[in-house]
Amino acid sequence: RGGLPAGVPYKGMDTENAVEQILAMGFTDEKKVRQALSIARNNVHDAVGLLTGGSRQLGENDVEMDDVNRHSDEGGSPRKRRSTDDNRNRENWDDELPPYDSLQTGSAGECSKKPARETRLSQSSDTEFPLTNLYELEERLNAESWSVPLKTDESLGKCLIAAFKLAVEGLADTDDGCIRFVENSLHVAFEKLHTSYMVCRWGPDVQVGAMDMTLSLVKFIAAKLKHGPVPVKLLGLLSQSFDPDSEFHYKNRAKSPLQLTVDVEPYAVKLALSSQNETYGWLITLVNMFGVQGGVHAITHRIENSEERLDASEVAALLAPFGKCAEFLNPDRMKRLLNGSLDKTLSYIQTLSEEDFKRKETGQVSDLFATLKLLFRSLWTSRHVDHIHELRLETSLKMLQTAHFNAKMNALKEISKMVEESLMQSRSVKSPIPHQRLSQWMKENEVLETALEGNLHQSQYCERVKAMMELLGSQLSKEQLSKIWAIQVGKHPVVVENIHTIMAAATVKFDTSRLDHLFDLIQATWSNASDRHREKLLGFVGRIGREDKQGRIAVKVLDLLWSLSQLPQLPHEMVKQALHAHSKILSDSSSVKDDVKKLYAQKCIENIKKSVSVMPSLKQLQEIIQGMRTPYHKVDKSVIQDLQKQCDLVKLGVTSLVRCHREAVAVAGTMGQKLHEGVVVSGSYTHGEYVKTHLKFLGYVLNVGLLYIGPQRVKDIWDCLVSNPDACESDTEVCCDWFVRGMADMQPSTQGEMFEQRVMQLAPEKLTSGGYECFKVFFEYVNISAGKMRRGGIDHPSVESHNLIGRDYLWRIALENPSKEIAQNAVDLLLQITYTAVCNRLKREPVELHTHFIGEMSRRLEEAVQSVRSLSPLQQAISLTATAMTAPSSPTVAAAVPSLPDRLSRFRVIERLLLLAERYISTAESTQSLSRNFPCHGSTFQGRKLRIQVRCDQPKNDFEIECHSNETLIALRWRLASHMKTTTDKLQVHFADHLLLHNKNYRLLYQLGFEDESVLFAKVSNIFYSTAVRRDEGGNRSRSHVYIMDVERQFPSHLMSKGKDMFTKLYQFADLGDPRIAAQARSLLMLLPNDPDVVQSFEQLVDNSQTSEVVSVGAVLRGLLTYQESDTTTFRLLYNLEVLSGNLMPTTEGISAAAAVRFRNCFLRASGHRFIINLLQSNVAPESVDYEVRQEYYSMLLRVAWFLLCGPDGICQQLAAPASMSLSASPSENGLSIAEQSTENDGSTWNAAVTMSGNEFHEAVSSIMYVAWAAAIGRLEDVSSFWKEERTSRSGLHQNVGVVLAKDAFIAKTALELFIKCFQRRGNCLSTLYELPDVNVFIVDMLLTSPAKEVREVAVEQFHKLAQTPAG
């Protein structure tokens, strides 16, 4: 594209502007410019390329190409484009045959309906090749929906005309465009026209157009033959055009030939016996056209008078077109014309030398023989055909006897081709060499021996030799067999393998004497052969048996293979190979009778009974049974049943398994080892292989034979592999897996007996994953058989009774097994049988259902507590655990304290029970969609702060929303709807690839898996979703309230909270010193309603405040918020703080806004904020308290302190919707949050930091500072030490400072923000900052030395705010 000025566009330019730009470049011929732009579709760069491309000059013969890219109506079909005046009916084309002489200058279509066109081949003197038409033709041919132009004045026709003109003048080989056309587009176009499967779908007009183009092609080839070298590729195209079996000629086989009006003897004529529907007139026309154009004379002249000696490929190409249409040639004329050429060709073949055979082109002599045979068969007598056959045999032998590999391969290909032709009974093979003559020639000339002398490492070479071997198999003598067998001695394994393949193909023709001689040769070789050579011999013997399709040889081969497999010193792999070949032969039921198969089955059974070759015999017995099939290709189960009656296959397999297991234990004992699956038995097979093979055999016999295994056999297997103290872990796993897959092979009585007497006798704490799966399957089958469960559930059977067999054992697995995975699976199954899979009949009484579970859980909890108390009193549990950890260093203590594993296992039982209770409540209440009157504890106070990333349909609409972990989904929906200006019943929320349905509206965010920075997808839908009943809707408010109350009283959480001392027990569990129990107890408490004792205590605060009983109020607060009471622990104090938080800052599920205001006022009047400050400044939590509990404790303290000291703005202010909001409320409704409503009701009690005294303020900010300082170094347990110790510069952060936990960093940031907020609210006390002890160290440490980057960043931000706070 060089030379174009800057700014010239490539496409889409207006034609006139493009013309002006090109003329401005210096081009003067506006007509050619416009023509070039038309061809290039206004692409200036392409048009300039056409105008400046040297030979790409535009001439007057080029055409405007408005239709270049038109495709056919049907993909791949060429179509003939004709104008309206030229589109005539061609149905009667054959009735008006044109004069023959017109064919020399016109097309078939033109001759039939109109006078000769002006564009005759002989009327144009312009020999310029039209490159533009060639480019168009290439584009159309190579398109996905290709099309071939069939009109004379279109691209293909113009290219053919130009090529013909160049060929006449002898310039076709000098023009680059013509060469490109001939080498590529010409062949592609006519392959589509002649051989495409689409030919049969084209209409008459298209067929006529294709004939027109073919006539032009024939003229061009005839002209091309008169000049230059032999056009081998073009002659191949001519052969395709003369082929009567092509799609084109077969489609038009009923067409009549064109009429001759001149005295010209035809070159081709109709067949004498051809029917009227198979005249092949167009083919005859093409041959005659070729002759008229001088093509026949050109071919004979080249063969007879060529100055240079032609090679085989050129001679074959010259004669091939005549061979294709040989049966249509006129014998009277063509014999005279071709006689000299054929004599010259025969002489050429006879004089081929060894040097000629080395040339690659000589390989085409095979095609030449095929052509000669067809010509002599059609034009001469059969005697001449026999002469061709003899010459073919002679030439093949000469080629085979040369030392050159290519010549040998060509000879073998030709011999293989002759063998195939002699064996085929098909019309496609005409005049093959007789089979007897071919066999006689091969034997007389020792063709096979010659072929075996070399190149046997080549697989292709051996494939050709194999064909000869098959032909001569029955005629080979014993001496020849011995000679061929001896060739493999000392040869490469590849050569040996190829010789075996060749001989195996011939064995099907061997008689008994030859076969016996071959087996003698094999046995003689076996005795002295290496292991690798023996493997080859086994493969050879197996191949012989598989090649036999009549069974005559197979019986002998089977006997030989069985004898070899029973040799005592035969390696394991060879035994496997021999038996594999043995079973392959046996599986061919067409050649091997069932009696033979049963005979070898009996031999296998005898070996198993005698404990001889047990493993191979078991596998072979199974293979034999699998190979005995019914006429419908299914395994014949009657065979197994007959063998069971005769030999008791099940007893045979079980007895052998027990005996082999006993031998493996003995072998392991001799090596001083315990049994494991890798112990090698009998020197070949491992113990694991023995067990798996026996069980696989038993499973197959039972399953396919439709047999039941008896109870005694089942117990024998279990006692051998599971209960046996000598059994290894792999034995148990494999056995359990076998029982899981084979439950249907036991009768119900056997299943029940095994379940109770064997499976449930296993220790639950030692149960493996395979053992658990085995128990589960037995559990379901046995209870279904007993009618206690019923199939029909989607994923699991439904439960019809509470008293399931094995229920107590399942509880023990869930509680006692140390594996988390097994315990989790057992808990899931317990939840199924206690709730999710319970039938509707039992679910009609939910109170009874839940009470049954709670009672069983409470009983087991009490037993677990008693078990722990038997070890040590509860108040000493933590210290005793620590003592047990150090017991090895103190023998006296170790003797007095139970082992740590025993203690941990008992703690694990409590943890699992609490987990099960939590899972049960979550499962049973997961679908409740009611706003609750007895809300769970977790929904009554604000949880940890969450930032949720909200993704919308449009990325520009994405936003972030703040909420807390204890917020309900409906509150989040309302907040989303408010931001997106829609209603909640039109809002779809997707989280974690799931749509959050409205039946989960009252679940808490942490229960749904929300974390900080979680991503949810929200979109507005036109579908309205039905919503649940709400507490305040319409006139049914009272009735709805009563209904909800009744429903909630049936919830398991409500029933559990009413249990005797339930909360006290949970508090005690949390203080056992095990962090997992504490976490689980806290999770369970989050699901239960608030502790009624704590709620009642806080209600007393309000009642006593109204009666001015100040002393009583203080006592209440001391009992709730201090350690003065003996039973108060950090865990319980945290719980009380959470209840307090719910009263001060209620959520949508908590108390009403008015009640919150009343409680807040009473709390502040009772100086409740002082209790909070005291908790901050004193180390109320002992060091032994679980650190996660300590973190939650300080986090909740700061949240309450912030609210009391500085008001609801900041971390404590949530945009929660009022409890009375409607699910379909619009964003404009219910505009105020609870905090805002509370502020309106009472704004004087929010800022205790402003109203408290100076000393109180000093204590408060000091307490907050020390909490921030301790959290910043990750040591919250050191809060109280900051009050007692003198600090030097950065000393607090330089000692034992490691990685700060994220929760500690959050507490530090919150405390620091509260610290600065207090000074901002009380600017007149800024001087107090400088009075704080070590405040300068605190500031420097927070800014520079804290390991937590987020703490340092917040410190910079907050101290900057403090610096801008005005004093006073």
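As the structure is a prediction and not an experimental result, all values here were calculated from the model. Along each chain, residue indices are assigned from 1 in the same order as the chain's sequence is written. Only residues with pLDDT of at least 70 get local features here, since the model is predicted, and only at 80 or more are side-chain atom pairs given and counted; chain-wide, interface and lining totals rely on the full set of residues. Note that the side-chain values use all heavy atoms of the structure and ignore hydrogens as well as water.

K.L.:
Help me understand the overall build of the protein chain, please; the structure alone is not making it clear to me.
P.N.:
For the protein chain, the count of helices and strands is 63 helices and nine strands. Working definition: with a 1.4 Å probe on protein chains only, accessible area under 20% of the residue-type maximum means buried, over 50% means exposed, and in between means partly exposed. Burial status across the protein chain gives 53% buried among its 1368 residues. Sequence separation of at least 24 residues holds for 72% of the intrachain contacts in the protein chain that already meet a minimum separation of 6. Put simply, the protein chain shows about 61300 Å² of open surface, and 48% of that area lies on carbon and sulfur atoms. Helical segments are the DSSP runs of H or I of at least four residues, strand segments are the runs of E of at least two, and each set is numbered from the N terminus. Two residues form a contact once any of their heavy atoms are found within 4.5 Å. Residue exposure ignores everything except the shown protein chains as possible cover, and the areas themselves are Shrake-Rupley values with a 1.4 Å probe.

K.L.:
I keep staring at the pairing of strand β5 (residues 945–951) and nothing clicks. Help me out?
P.N.:
Within a regular beta strand, the side chains point alternately toward one face of the sheet and then the other, so they alternate between its two faces. Any two strands with at least two DSSP-identified bridges between them are counted as paired. Alignment of β5 against strand β6 (residues 959–964), held across six bridges, turns out to be antiparallel. Among the inter-strand pairings, I948 is bridged to a residue of β6, identified as I961. Two strands pair when backbone bridges link them, and β5 and strand β9 (residues 1015–1020) are joined in this way by three bridges, in the parallel orientation. Residue pairing across strands places R951 opposite F1017, the latter belonging to β9.

K.L.:
I keep staring at empty space enclosed by the protein and nothing clicks. Help me out?
P.N.:
Gaps between atoms show up when a probe of the same size as a water molecule is rolled over them. In this analysis the probe radius is 1.4 Å and the grid spacing 1 Å, with only protein atoms considered; a cavity is a set of points the probe fits into but cannot get out of, a pocket is an open set with protein on both sides within 12 Å along at least five of seven lines, and lining residues have an atom within 4 Å of a point. Grid points are joined across faces, edges and corners, and a volume is the space filled by probe spheres set on the points. The tally for this structure, following the rule as stated, stands at 11 cavities of 30 Å³ or more. Roughly 180 Å³ of internal volume is contained in the largest cavity. Around the largest cavity, the lining is made up of 17 residues, and of these Q928, R932, C936, Y1002 and Q1007 lie nearest the centre. Put simply, Ala, Val, Leu, Ile, Met, Phe, Trp, Tyr, Cys and Pro go in the nonpolar bin, Asp, Glu, Lys and Arg in the charged bin, and everything else, Gly too, in the polar bin. Its residues assigned to classes, the lining of the largest cavity shows seven nonpolar, six polar and four charged.

K.L.:
It is not clear to me how the environment of K324 should be interpreted in this structure. Could you clarify?
P.N.:
For K324, the position within the fold is in helix α13 (residues 312–324). The partly exposed category is assigned to K324, whose relative accessible area is 42%. Separated by 81 residues in the primary sequence, K324 and D243 have C-alpha atoms spaced 5.2 Å apart. With near-sequence residues (within four places) excluded, K324 lies in contact with S239, F242, D243 and P244.

K.L.:
Can you help me understand the pattern of salt bridges in this one?
P.N.:
Pairing between side chains of opposite charge can happen when their charged atoms approach one another. One side-chain nitrogen of Lys or Arg within 4 Å of one carboxyl oxygen of Asp or Glu is enough to make a salt bridge. All told, the structure shown has 36 salt bridges when counted by the stated rule. In this structure, R807 and E856 form a salt bridge, with 3.3 Å as the shortest nitrogen-oxygen distance. With R807 in helix α37 (residues 807–816) and E856 in helix α40 (residues 846–871), this residue pair connects regions lying 49 residues apart in the sequence. Classification of R807 by relative accessible area gives buried; the value is 7%. Overall, E856 belongs to the buried group, its relative accessible area being 11%. Across the pair R1076 and D1074 runs a salt bridge whose closest N-O atoms are separated by 3.5 Å.

K.L.:
So what exactly am I meant to see when it comes to unusual backbone geometry here?
P.N.:
What you tend to see is this: most non-glycine residues have negative phi, and most peptide bonds are trans. Residues other than glycine seldom take positive phi values, yet S613 does so here, at roughly 50°. Topologically, S613 is positioned in the loop between α28 (594–609) and α29 (614–627). By relative accessible area, which is 31% here, S613 ends up partly exposed. Not every positive phi belongs to a glycine, and D648 is a case in point at roughly 55°. Relative to the assigned elements, D648 resides in the loop between α30 (637–647) and α31 (649–670).

K.L.:
Mind showing me how you'd approach the environment of E925 here?
P.N.:
You can see E925 is positioned in the loop between α43 (900–924) and β5. Separated by 128 residues in the primary sequence, E925 and S1053 have C-alpha atoms spaced 8.5 Å apart. Apart from the residues lying within four places of it in its own chain, the contact partners of E925 are R932, F1051, P1052 and S1053. By the criterion applied in these results, polar contacts are pairs of N or O atoms within 3.5 Å in which, for protein atoms, one can donate a hydrogen and the other can accept it, and in which residues neighboring in sequence qualify only through two side-chain atoms. A distance of 2.6 Å separates polar atoms of two side chains, one belonging to E925 and the other to S1053.

K.L.:
Looking at this structure, how should I read helix α9 (residues 232–241)?
P.N.:
Since one α-helical turn is 3.6 residues long, residues separated by three or four positions face the same way. Of all 10 residues making up α9, seven are buried, and the element is well covered by its neighbours. Within α9, the full set of buried residues consists of L234, L235, L237, L238, S239, Q240 and S241. Looking at the buried side of α9, the elements it contacts are α7 (176–195), α8 (204–224), α10 (247–251), α11 (281–292) and α13.

K.L.:
I keep staring at helix α19 (residues 435–444) and nothing clicks. Help me out?
P.N.:
Within α19, burial applies to L438, S439, W441 and M442. The buried side chains of α19 occupy one side of the element, clustering within an arc of 160° when seen end-on. What points out from α19, more than 90 degrees from its buried face, is the exposed set Q436, K443 and E444. Phi turns positive, to about 50°, at E446, one or two residues after α19. Read the arc as the range of directions from the helix axis to the C-beta atoms.

K.L.:
Which parts of the structure should I look at to understand the nonpolar core?
P.N.:
Generally speaking, soluble globular proteins have nonpolar side chains that are buried together. We call a set of buried residues a nonpolar core when its members are Ala, Val, Leu, Ile, Met, Phe, Trp, Tyr or Cys and they connect through side-chain atoms within 4.5 Å of each other. Membership of the largest hydrophobic core comes to 362 residues, with the highest contact counts inside it found for F181, F290, I717, F739 and F1315. Tallying contributions element by element places helix α54 (residues 1187–1206) first for this core, with 13 residues. Contact partners of F739, with chain neighbours within four places excluded, come to V714, I717, W718, M746, M754, C774 and F778.

K.L.:
Would you mind going over the packing of α28 against α31 with me for this structure?
P.N.:
When two helices pack together, their arrangement is given by the angle between the helix axes and by the axis-to-axis distance. Following both chains from N to C, one finds α28 and α31 inclined at 35°, their axes separated by 10 Å at the closest point. In the crossing of α28 with α31, the sense of the turn from one axis to the other is left-handed. Together, I605, I608 and K609 of α28 and L649, L652, S656 and R659 of α31 make up the contact between the two elements. Structural elements are reduced to axes, namely lines fitted to C-alpha atoms, with helices fitted over the stretch in contact, and the angle between N-to-C directions of any two is expressed from 0 to 180 degrees. Crossing handedness follows the turn of the near helix against the far one: under a right angle anticlockwise gives a left-handed crossing, and clockwise gives a right-handed one.

K.L.:
Help me understand the packing of aromatic side chains in this model?
P.N.:
Describing an aromatic ring pair means giving the distance of the ring centres and the angle of the ring planes. Only Phe, Tyr and Trp rings take part, Trp by its six-membered ring, and two of them pair if their centres are within 6.5 Å. Stacked means planes under 30 degrees apart, edge-to-face means over 60, and tilted covers everything else. Under the criterion given, the structure shown has 29 aromatic pairs. On the numbers, 5.6 Å between centres and 65° between planes, the contact of W718 with F739 is edge-to-face. Residue W718 is located in helix α33 (residues 711–721), and its partner F739 is located in helix α34 (residues 729–741); the two are separated by 21 residues in the primary sequence. Taking 5.7 Å as the distance between ring centres and 70° as the angle between the ring planes, the aromatic pair formed by F1098 and F1159 counts as edge-to-face.

K.L.:
Sorry if this is basic, but what is going on with the side chain of S656 here?
P.N.:
By the secondary structure assignment, S656 is in helix α31. Residue class for S656 comes out buried when judged on its relative accessible area of 1%. Once residues within four sequence positions are removed from consideration, S656 is found in contact with I608, V614 and H694.

K.L.:
Could you clarify how one ought to interpret the packing of helix α6 (residues 155–168) against α7 in this entry?
P.N.:
The geometry of α6 relative to α7 is characterised by a closest axis approach of 11 Å and an angle of 135° between their N-to-C directions. Viewed along their axes, α6 and α7 adopt a mutual orientation that is oblique. Along this stretch, α6 crosses α7, giving a crossing that reads as left-handed. Contacts between α6 and α7 involve L156, C159, L160, A163 and L166 from the first element and C178, F181, L186, A189 and F190 from the second. Should an angle lie under 35 degrees it is considered roughly parallel, over 145 roughly antiparallel, and from 65 to 115 roughly perpendicular; all remaining angles are considered oblique.

K.L.:
Looking at this structure, how should I read the sheet that holds β5?
P.N.:
In a beta sheet, neighbouring strands pair by backbone hydrogen bonds and run either parallel or antiparallel. Pairing within the open sheet is mixed, and its five strands lie in the order β6-β5-β9-β7-β8. In the strand order of this sheet, the two ends are held by β6 and β8 (994–995), each with one partner. Taken strand by strand, helix α44 (residues 969–980) contacts β5, β6, β7 (987–991) and β9, and its axis lies near 150° from that of β6.

K.L.:
Got a minute to help me understand the pairing of β9 in this structure?
P.N.:
Here β7 runs beside β9; their pairing, made up of five bridges, is antiparallel. Paired with F991 across the two strands is L1016, which belongs to β9.

K.L.:
Is there a simple way to think about the side chain of R514 in this case?
P.N.:
Inspection of the secondary structure puts R514 in helix α24 (residues 512–528). With a relative accessible area of 16%, R514 lands in the buried category. If near-sequence neighbours (up to four positions away) are discounted, R514 is found in contact with G473, S474, Q475, L476 and L481.

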